[in-house]
Amino acid sequence: MKKWAKAELKQQSLLSKLMGFLGIMSVIIGILTFVYVHEINEEQIEKTTRQELRTDAIMVSQQLMLLYRTIFYAYGDNPDIFKRVVEHVRYKFIKDIRSNRLFKSQGLLIKVDNKIQAMYGQNIPQLFALHNLKNDSITEATINGEKYYLSYLRFKPFHMEVIFYDTEEMLENQILKESMKTLAVVILFTMLLLTIVFLFIKRLVLAPISEIIESISKIAKKNYQYITQKYDIVEFELVKKYFNAMIDAIKERERKIHSSLKELSNRELFYYDLLNSQDDIIIVNDGKKIEHVNTAFYEFFQKYKDLDEFLKEHQCVCDFFEKEEGFVYKKEHWLEELLQTPNEIHKVKIKMNSQEYIFKITARYLEYSDRIIVILTNITELEKEKNRVLELNTLLEDYKKAIDAGIIVSKTDTQGIITYVNDEFCKVSGYQREELIGKPHNIIHHPDAKPELFKTLWETIKAGKIWKGEFKNKRKNGKAYHVKSIIAPLKNKDGEIIEYISLSEDITDLIEAIKKAKEAEQVKMLFLSNMSHEIRTPLNGILGFTELLLKSNNLPEREKRYITTIHSSSQALLQIINDVLDISKIESGHLSLEKKPFKPICAFKQAAELFKARAKEKHINYKIDLDFHLTGLIISDEFRIRQVISNLIGNAIKFTPENGEVIFSVKQIQRQGDKAKLRFSVKDTGIGIPKDKQKDIFKEFTQADNSVSRKYGGTGLGLSISAKIVKALGGELKVKSEEGKGSEFYFCIEVEVQDDDTQLQTSLETLNIALYKIHDKQLFEYLRKIVHLVEIVESDNLDNYDLIISREYLDKYKDKLILLGENNDNNVISIAENYDTSDILNALMEFIDKSVSLVQTPNKTSFLLKNKILIAEDNEVNQELIKALFDEKGLRYVIANNGVEAVELYKKEKFDLVFMDVNMPELDGVGATQQIKQYEKENNLPHTPIIALTANAMQGDKEKFLQYMDDYLTKPIMEDELNRVLNQYLSASIEIHNNTEEFTSYDKEQIARKLGVPSALFDKILNKFLETIDEYMDELKNSIEKNDLEQIYQHAHKIKGSVMTFHIDEVVEILKNMEQDARDKKERDYMSDYKKVQAELENFKTQMKGS
Amino acid sequence: MRWIIFLPILIFAKVIKFAPLPIDTESHLYKQYKPLLQYLSQQTGDKFEFVYAPTYTGLLEKFKNGQIDLVILGALPYLKLKSQFSYTKPIVTFLNASKKPYYTCQIITSDKHINTLDDINKQTKIFLTNKLSTCGYLMTQYMFKRKHKNLDDYHYQYVGNHIDVVFYTTVYNNAIGDVKSSIAEKYRHFIKVIDTSIHIPSFSLIANTQTLNNNDITKITTSFLKAPIHSTTNPKIIQHGVIKTPKHFYKLIEQISQEIKVK
């Protein structure tokens, strides 16, 4: 053990002795304190005990008073309840006291009506019998020689007595506890004192000594550490001072030695590195003769083993230098020159093995020596690189010159401040370079330039991307110019953007040219519009009257033929006008699609069925094959798709010889979420198209062969228009064809699908079908997927089925029969024996159509006849035509010659529908419509539908008129379109009038017709609805009562789905609102809505049961 | 168009300022009395304005200053007002639930050892409502005097309201209290009545004869007597009906109050 450690132990031992003495003294003081405190406490604790007993009594008293007051105020005027409550509260109170000993007293006794109800503490039976206790005071009593302190409380209203007590023994225990506590505190205090003294001595004496000893011991380990601690004792401070001075002296000596050694080492290392350098050739010369060379020297001049061998042949390294202009070797005193111009670059050229090397040569005196060191650095590659850069630079300069000749170049810093512009920039902008540099780039921005453009530009280039676009800029003289620009960020080696460069082309002339072209286009469109109007108006007359004449039975055969020719020629002319208009729209980029939801099955079927008659005339086997998956709604441009379909089918029928075949099919080939891909195909067994002509057929005014045009007619625009429409719809019209065998025109487009309970689906899904003695697995499986029930039936009783598919003709069930195979009854629907699935679907659809049409026909004319129509038309020919058309339909109408007359007539009479020509003298159709609407508003009249009637058929016309009118008909008026309008608006007007009644009236047949199902089937659906709706309504009511918004939403949605089927429109609207609000978590009165729904449903049920 | 009825009132009417008892907040009282004041306006053709004074003292001061024309007061506050200001006239008195225009005070106890006032001693605790209450010092002292006792010789304390008097009387033995007979009746199962006072007039409508003339007073009296007494829109105080205040209705109580000074 070291001496200093022993000393420390000794020191500590002394301290321990001192501490021991102090400890003993503390214990003595503690005991004396204990005795003294014990004496004092006895008196004090008695006083405290009395106080505690009193406090407990007061606390209980206050609680009881509070409880009683509460009960008294609440039930005081009702004795029965009061008594019960008092007993209950008293019971509760006593229970609480028992379980929660919150009192300071040692014992407690509670008596109610002199019976003990609760107690704790020492069990003193005699205590119970005490009778001389004074209410609300403390009494002393001696029981079994033990002194008791008792606090007595009597609470009259509860008939309760409460006694808190403490015994003398408890008191003594208390005193002892208190005294022990005091003793413990004294001992703890003494120990604390001892610890403080110990720590103080340790800090003052032991710690400095230990530190000094430790520092001295470190010197031995060459760890020169100063003593930094500040000491309170002077002697220690002196020791510290001399010790630190000694450390300084040692350190200085060490530093000097180290420095010398380091210098020596460095020098040694330097020479070592020099001579072993692999990069440079080192030659050490005494001024005249080579003394030493490094490894690189031998490696370069491979033929010398060592220096001696070299010196045998050469005295100077310069012997190897190429003798060329510009190199140092030529100088006679090259070494001297090198030494004198250390900052200049000298080069030498050396040829080795027929290769040329360039070296940089430097020379300097070696330190502490008169020797010279010559260093040759190989810069051959560097020189080559330098030359390459120079060449590149020249090339860049050439580029720059070329760019400057025609491109506007500018650079800005990251803040958009111009840092560079080329001459072209100045030339185009009209500014001097000095006027631009340092200015923000927006100095040339034209006020018309859109701020969003610059926002996007900055976002792009700040993200490190290249921006391309066009600007409208402003010259110094204020005139505008247009540029097409590419702006790219320039980055430093760290990839940070430091500048932006803009390369622009002046496109002002181009813009001007486009503007002029657009103006010309507009003029052309206006011309076409006017021409279209002017040609359509007379055509309207021709087509209308020829149609009427053709319906006449009194016409001689020859005249009839002539009129047929006039009619078909006029139709062809109209088609040509339509095609020319379409092409002009497409060319001018005005072909816009009007996408809205529609039922594809109906739309495609209707479009395709128009050609049935023509196909039949040519004895063409014409098939329509539609995918069952298309029963939902799709969103696309129905009109344009129909246009393409019609064109393709029309062509197919036109180019297919008699007894040929044309198949139109639409298949859903892909479905992902609400997107579906449809494939449209029109396949024929027509003349086909030669391979070499197939590319050209989509071009305008082109047919496969000129002879085709002569033989089959047509403008050659149809396919071109169709191809362009398909392209606009996102597809591509393609053809597969073989000359003489036929063609298939097809395209695929993507549409958005909206799943909807369509009428067709509803009708199909409720059908019960019997396959009468048909064991056809394919048919069975297919039907099972799409109808409610399908069964193979052998029995002849087929009454319970909605539809029977049979190979046998069943006369009894002919109204609900579909024949599979041969069919001799034209009134019965049939499926060919070699059917495909779409044939089944077609047959089912046909069956549903037939059922509906049976229900529909009788009422149609009757409701039309009830209505009165106002027609505003200035053209007399058109007036006559409209008269003829309306007379034929038995419609009641009044004709106004202009807008003013129309408004006047409207004010005098009540009309159900108005046809309004747009171009009229005095007041045009739009003006008249506005006046009628204003009149309706002022007089609180229901709105009468107004249909625009015009020969204007240009782009945007429809949208323009629909801003004011309810619908739109183009002249010449097509009967189908007229029927559509009449059916839609006249029946609607009936519904509107019905709505004014207190309850809506429901017509079973009308609903069945709307639903598209036969009566028997409708009854079945209705019964199911009536069976379930009450239950649904109860569920809705419950959820409203519980205010469960999620459930309200779900039930309202469910009921809405059911009632929509029956067109209970008022209820649908209310349920829609409930559903929407509940989904949005809107708190509101749903019950009133529920009641409305309930009332209307009752009305519906009553009417349905009654009819 | 109903406002047209009030148009003449707005233009020509005399403004009569009415103040209720300050027993609730101003807004509550205004709400309670608004229909009554509208009724009176309709009946008399005068405009009745609601005046609120938060304290009895303030109320009496305003009456004396002519800022109040009509005020509802209990017997003791009325007598206090009358002693300071002679232009007062009780015009109608409101009936209580028993259809009586008066009430009595009763001495009660829950101590089985106390059956009459003679049974009390110096340790007996006496609980009273408040100084201005007729069943406070005035009637208690009156009943003590009838028994040749002096309330001041006993330990009495005010506890606030009638129910509290009953409450404290039931809590303590050797305790008595003085409450309205209607309250004593309500809590009869806890307590017993050991003495009953004279009849004390109920709340009356007091007219300021300095600001209102005989014609005004007659119109107002008639309107009150015709008022639909059961209307729930009326304030509670007049819901049991009113009578024209009898001429010497306050004489006895006035005499007693002059003899006994409330401490």
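Refer to the preceding data block for the structure.
Definitions and limits used
- Residues numbered from 1 in each chain as written.
- Chains lettered and ligands numbered in written order.
- Predicted model: local features only at pLDDT ≥ 70, side-chain atom pairs only at ≥ 80, totals over all residues.
- Heavy atoms only, no water.
- Helix = DSSP H or I, 4+ residues; strand = E, 2+ residues; numbered from the N terminus.
- Contact = heavy atoms within 4.5 Å.
- Areas by Shrake-Rupley, 256 points an atom, 1.4 Å probe, with all protein chains shown as cover.
- Buried < 20%, exposed > 50% of the residue type's maximum accessible area, 1.4 Å probe, protein only.
- Pairing = 2+ DSSP bridges.
- Axes fitted to C-alpha atoms, helices over the stretch in contact; angles between N-to-C directions.
- Salt bridge = Lys/Arg side-chain N within 4 Å of Asp/Glu carboxyl O.
- Buried area = accessible area lost by both parts, 1.4 Å probe.
- Polar contact = N/O pair within 3.5 Å; in protein donor to acceptor, adjacent residues only side chain to side chain.
- Nonpolar A, V, L, I, M, F, W, Y, C, P; charged D, E, K, R; others polar.
- 1 Å grid on protein atoms, 1.4 Å probe; cavity = no way out; pocket = protein on both sides within 12 Å on 5 of 7 lines; lining within 4 Å.
- Points joined across faces, edges and corners; volume = space filled by probe spheres on them.
- Domains from an automatic or database assignment.
- Core = buried A, V, L, I, M, F, W, Y, C linked by side-chain atoms within 4.5 Å.
- Phe/Tyr/Trp six-rings, centres within 6.5 Å; stacked < 30°, edge-to-face > 60°.
- Lys NZ or Arg CZ within 6 Å of the ring centre and 35° of its normal.
- Disulfide = S-S within 2.5 Å.
- Parallel < 35°, antiparallel > 145°, perpendicular 65-115°, else oblique.
- Left-handed = near helix turned anticlockwise from the far one by under 90°.
- Lys, Arg positive; Asp, Glu negative; His and termini not counted.
- Expected span 1.5 Å × (residues − 1).

Participant: Please set out the overall build of chain B residue by residue, giving values where relevant.
Facilitator: The secondary structure content of chain B amounts to 9 helices and 13 strands. Intrachain contacts of chain B at a sequence separation of at least 6 include 77% that bridge at least 24 residues. Just so you have it, chain B exposes about 12,800 Å², and 53% of that area is on carbon and sulfur atoms.

Participant: Can you explain the overall build of chain A? Please cite residues and give values.
Facilitator: The helix and strand inventory of chain A stands at 33 helices and 32 strands. Taking all 1107 residues of chain A together, the buried fraction comes to 42%. Within chain A, contacts between residues separated by at least 24 positions form 57% of all contacts whose residues are at least 6 apart in sequence. Accessible surface, chain A as shown: approximately 62,800 Å² in total, 53% of it carbon and sulfur.

Participant: Talk me through the sheet that holds strand β23 (residues 768-772) of chain A; I want residue IDs and the actual numbers.
Facilitator: Residues and elements named next belong to chain A. Overall, parallel pairing links the 5 strands, which are arranged β24-β23-β25-β26-β27 in an open sheet. For this open sheet the edge positions go to β24 (789-793) and β27 (829-831), each flanked by a neighbour on one side alone. Across this sheet, the average inter-strand angle for adjacent strands is 25°, counted without regard to direction. Taken together, the 3 bridges between strand β25 (residues 803-806) and strand β26 (residues 817-820) define a ladder with parallel strand orientation. In the sheet register, Ile 805 faces β26, and the bridge partner there is Ile 818. Sheet strands in contact with helix α21 (residues 777-786) are β23, β24, β25 and β26, and its direction is about 155° off that of β24.

Participant: Any details on the pattern of salt bridges? Residues and values, ideally.
Facilitator: All names here are of chain A. All told, the structure shown has 36 salt bridges over all chains when counted by the stated rule. Residues Lys 868 and Glu 909 are paired through a salt bridge, measuring 2.2 Å at the closest nitrogen-oxygen approach. Placement of Lys 868 in strand β28 (residues 868-872) and of Glu 909 in the loop between α25 (899-908) and β30 (913-917) is noted, with a sequence separation of 41 residues between them. A salt bridge links Lys 910 to Asp 912; its shortest N-O distance comes to 3.6 Å. Looking at Asp 912, the relative accessible area reads 11%, which means it is buried. What you see here is one network of salt bridges that share partners, running through Asp 1077, Lys 1082, Arg 1084, Asp 1089 and Lys 1092.

Participant: Describe the interface of chain A and chain B, and please don't skip the residues or the numbers.
Facilitator: Listed per partner, the contact involves 13 residues of chain A and 17 residues of chain B. Where chain A abuts chain B, roughly 1,300 Å² becomes buried across the two surfaces, and 63% of that area is made up of carbon and sulfur atoms. A per-residue breakdown of the area chain A buries against chain B is headed by A:Phe72, A:Tyr73 and A:Lys156, which together make up 44% of the total. Joining chain A to chain B, the criterion identifies 1 salt bridge. Between B:Asp164 and A:Arg69 there is a salt bridge, with the nearest N and O atoms lying 2.8 Å from each other. Connecting chain A to chain B are 8 residue pairs in polar contact (both at pLDDT 80 or more). At the level of elements, α1 (3-75) and α2 (79-99) of chain A are the ones that each hand at least two residues to the side of chain A that touches chain B. Of the residues forming the side of chain A that touches chain B, the biggest block, 5 residues, is contributed by α1(A). By residue class, the composition of the side of chain A that touches chain B is 8 nonpolar, 2 polar and 3 charged.

Participant: I'd love a proper account of the layout of surface pockets, names of residues and values included.
Facilitator: Residue and element names in this part refer to chain B. Size it by volume and the second largest pocket reaches roughly 1,400 Å³. Forming the boundary of the second largest pocket are 43 residues, of which His 162, Lys 180, Ser 182, Phe 203 and Ile 237 lie nearest the centre. Counting residues per element, the ones that place at least two in the lining of the second largest pocket are α2 (26-44), α4 (75-84), β5 (102-103), α6 (162-171) and α7 (181-186). Sorting elements by how many residues they give to the lining of the second largest pocket places α7 first, with 4 residues. Among the residues making up the lining of the second largest pocket, the classes are represented as 21 nonpolar, 17 polar and 5 charged. Summarising the domain contributions, the lining of the second largest pocket has at least three residues from each of domain 1 (3-99 + 201-259) and domain 2 (105-197).

Participant: Give a description of the nonpolar core that names residues and reports values.
Facilitator: A:Phe604, A:Phe664, A:Phe680, A:Leu783 and A:Leu844 are the most contacted members of the largest nonpolar core, which totals 71 residues. With residues up to four places along the chain from it excluded, the contact list for A:Phe664 reads A:Phe604, A:Ala608, A:Tyr622, A:Lys623, A:Ile624, A:Asp625, A:Leu626, A:Ile645, A:Ile649, A:Phe680, A:Ser681 and A:Val682. Within the second largest apolar cluster, 45 residues are counted, among which are A:Leu53, A:Leu171, B:Phe167 and B:Tyr187.

Participant: Mind laying out the packing of aromatic side chains, listing which residues take part and the relevant values?
Facilitator: Applying the stated criterion to the full structure yields 32 aromatic pairs over all chains. Measuring from ring centre to ring centre gives 5.3 Å for A:Phe72 and B:Phe190, while their planes differ by 50°; the resulting arrangement is tilted. Of this pair, A:Phe72 sits in helix α1 while B:Phe190 sits in the loop between α7 and β10 (192-196), each in a different chain. Each member of the pair, A:Phe72 together with B:Phe190, is buried. Plain terms: the ring middles of A:Phe598 and A:Phe604 are 6.1 Å apart, the flat faces sit at 75° to each other, and that makes the pair edge-to-face. For the residue pair A:Phe598 and A:Phe604, the accessibility class agrees, reading buried in each case. Among the aromatic residues, those joined into a cluster by ring pairs are A:Tyr68, A:Phe72, A:Phe82, A:Phe155, A:Phe158, B:Phe127, B:Phe167, B:Tyr168, B:Tyr172, B:Tyr187 and B:Phe190. When the ring centre of A:Tyr746 is taken as reference, the NZ or CZ atom of A:Lys736 above it lies at 5.1 Å.

Participant: How would you sum up the state of the cysteines? Please name residues and give values.
Facilitator: Residue and element names in this part refer to chain B. One pass over the structure, following the stated rule, counts 1 disulfide over all chains. Across the disulfide, Cys 105 is cross-linked to Cys 135 (sulfur-sulfur distance 1.9 Å). Sign of the S-S torsion, about -85° for the bond between Cys 105 and Cys 135, identifies this disulfide as left-handed. Of this pair, Cys 105 sits in strand β6 (residues 105-109) while Cys 135 is found in the loop between β7 (125-128) and α5 (137-146), placing the two residues 30 residues apart along the sequence. The pair formed by Cys 105 and Cys 135 is uniform in burial state, with each residue classed as buried.

Participant: Give a detailed account of the packing of helix α3 (residues 56-64) of chain B against α4(B), specifying residues and quantitative values.
Facilitator: Residue and element names in this part refer to chain B. The contact between α3 and α4 brings their axes to 11 Å, and the two run at 40°. In this view, α3 runs oblique relative to α4, as classed from their interaxial angle. Viewed along their axes, α3 and α4 form a crossing whose handedness is right-handed. Taken together, the residues of α4 that come into contact with α3 (itself represented by Tyr 56, Leu 60, Phe 63 and Lys 64) are Pro 77, Lys 80, Leu 81 and Gln 84. Along the lines of polarity and charge, the residues of the contact of α3 with α4 split into 5 nonpolar, 1 polar and 2 charged.

Participant: Break down the sheet that holds strand β4 (residues 146-155) of chain A for me, with residues and values.
Facilitator: All names here are of chain A. Spatial strand order, β2-β1-β5-β4-β3: 5 strands in an open sheet with antiparallel pairing. Every other strand in the sheet has two partners, leaving β2 (115-120) and β3 (137-143) as the edge strands with one partner each. Direction aside, neighbouring strands of the sheet carry axes that sit 25° apart on average.

Participant: So what's going on with the side chain of A:Lys816? Residues and values would help.
Facilitator: Residue and element names in this part refer to chain A. Within the fold, Lys 816 resides in the loop between β25 and β26. Buried within the structure, Lys 816 lacks any salt-bridge partner; Asp 799 is the closest side chain of opposite charge, at an N-O distance of 5.5 Å. With residues near it in sequence (within four places) discarded, Lys 816 still touches Leu 798, Asp 799, Tyr 801, Asp 802, Leu 803, Ile 804 and Phe 847.

Participant: Explain unusual backbone geometry to me, using residue names and the numbers behind them.
Facilitator: Residues and elements named next belong to chain A. For Asn 659, which is not glycine, the phi dihedral falls at a positive 65°. Take Asn 659: it is sitting in the loop between α17 (638-655) and β19 (661-672). For Asn 659, a relative accessible area of 62% gives the class exposed. The residue Asn 940 is not glycine, and still its phi comes out positive at about 55°. By relative accessible area, which is 70% here, Asn 940 ends up exposed.

Participant: Now, about helix α14 (residues 557-587) of chain A: what can you tell me, with residues and values included?
Facilitator: End to end, α14(A) covers 44 Å across 31 residues, agreeing with the expected 45 Å (1.5 Å per residue, within 8%). Inspection of α14(A) places A:Ile563, A:His567, A:Ser570, A:Leu574, A:Ile577, A:Asp579, A:Leu581, A:Asp582, A:Ile583, A:Ser584, A:Lys585 and A:Ile586 among the buried residues, and these make up the whole buried set.

Participant: Can you break down the pairing of strand β4 (residues 88-94) of chain B residue by residue, with the values?
Facilitator: Residues and elements named next belong to chain B. For β4, a buried count of 6 out of 7 residues is recorded, marking the element as mostly surrounded by other parts of the structure. As judged from the 5 bridges shared by β4 and strand β12 (residues 204-208), these two strands associate in the antiparallel manner. Looking across to β12, one finds that Thr 88 is bridged to Asn 208. As defined by bridge partners, β4 adjoins strand β13 (residues 242-244) across 3 bridges and the pair is classed as antiparallel. Paired with Phe 94 across the strands is Val 242, a residue of β13.

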